[in-house]
Amino acid sequence: TQSIDAEGNQHATYSDNDFGDLPITPVVRDGKSMEVTVEFGEQDVHVKLWQAAVGRVTLYLLDTDLESNRPEDRATAHRLYGGDRATRIQQEIVLGVGGVRALRELGIRPTTWHINEGHAAFVILERARQRMERQRLSFREALWATRAGNVFTTHTPVEAGHDKFPYPLVKQVLGELIPFDVLKDIAVRDSLHITLLALHLSQYVNDVAKKHRDDSPHIF
């Protein structure tokens, strides 16, 4: 809940949601709530699927606040933009890697994946990993084989708004998900620049305004 005080300052107040009062329901298969698993390094983290009807569109939501997870992993998605760098990259693993695995479990096979801002860029890595396993490709080959189905929109026209993670943290959290020599070739900076990853590995890229389009080349 956000409020503005008499001096015009914005304040955010956090409170727990009562899921019984929200217009969402668990995704159920064979009488059980559906879950997928992602990895934070060597630790498996269970992710529950919820669904909401938004008009004629079904929105799927991902939730780590499960008793089967460690307390620190349960809190991963409690706050947007909360926590340290490790929490941030874990959130993006849940969204990107968990999102791809969730849709696959649901039997949904998108032909195009729209990555809306860099937070979901790990969609690219998980899609490539799955293609690599299915078709016995190298990771580099799988990245380029899946690139045609990626569309990326960048929203933030300032450098500070784009996530960057030091490679030791990336290796610790992503574990053996991807080969790091290939990753470093793509995001050619001292740290993993999430927006550069999405820019390099999407067939189509757009900004959200003409002014933004003019500013972005100076950032990237």
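So, a few notes on the structure that sits alongside this text. (Residues numbered from 1 in each chain as written. Predicted model: local features only at pLDDT ≥ 70, side-chain atom pairs only at ≥ 80, totals over all residues. Heavy atoms only, no water.)

**What to know about the overall build of the protein chain**
Thinking step 1. A count of helical and extended segments in the protein chain gives eight helices and 13 strands.
Thinking step 2. Computed over its C-alpha atoms, the radius of gyration of the protein chain comes to 18 Å, within 12% of the 17 Å expected for a compact globule of 220 residues.
Thinking step 3. By its C-alpha atoms, the protein chain is 55 × 45 × 40 Å across when sized along the principal axes.
Thinking step 4. For the protein chain, the proportion of its 220 residues judged to be buried stands at 42%.
Thinking step 5. Long-range contacts, defined here as pairs at least 24 residues apart, represent 61% of the contacts in the protein chain between residues at least 6 apart.
Thinking step 6. Element-wise, carbon and sulfur atoms account for 49% of the exposed surface of the protein chain, whose accessible area totals about 12800 Å².
Thinking step 7. Charge separation in the protein chain, taken as the distance between the mean sites of 26 positive and 31 negative side-chain charges, equals 8 Å. (Helix = DSSP H or I, 4+ residues; strand = E, 2+ residues; numbered from the N terminus. Rg over C-alpha atoms; globule rule 2.2 N^0.38 Å. Buried < 20%, exposed > 50% of the residue type's maximum accessible area, 1.4 Å probe, protein only. Contact = heavy atoms within 4.5 Å. Areas by Shrake-Rupley, 256 points an atom, 1.4 Å probe, with all protein chains shown as cover. Lys, Arg positive; Asp, Glu negative; His and termini not counted. Charge placed at Lys NZ, Arg CZ, Asp CG, Glu CD.)

**As for the packing of aromatic side chains**
Thinking step 1. On inspection of all chains with the given rule, the structure shows one aromatic pair.
Thinking step 2. The cationic tip of Arg79 hangs over the ring face of Tyr14; the distance from NZ or CZ to the ring centre is 3.9 Å. (Phe/Tyr/Trp six-rings, centres within 6.5 Å; stacked < 30°, edge-to-face > 60°. Lys NZ or Arg CZ within 6 Å of the ring centre and 35° of its normal.)

**Some words on the nonpolar core**
Thinking step 1. Membership of the largest hydrophobic core comes to 45 residues, with the highest contact counts inside it found for Phe122, Leu125, Leu143, Leu174 and Leu183.
Thinking step 2. For this core, the leading source of residues is helix H2 (residues 85-105), giving seven residues.
Thinking step 3. When near neighbours in sequence (up to four residues on either side) are disregarded, Leu183 contacts Leu125, Tyr167, Val170, Ile178, Leu192 and Leu197. (Core = buried A, V, L, I, M, F, W, Y, C linked by side-chain atoms within 4.5 Å.)

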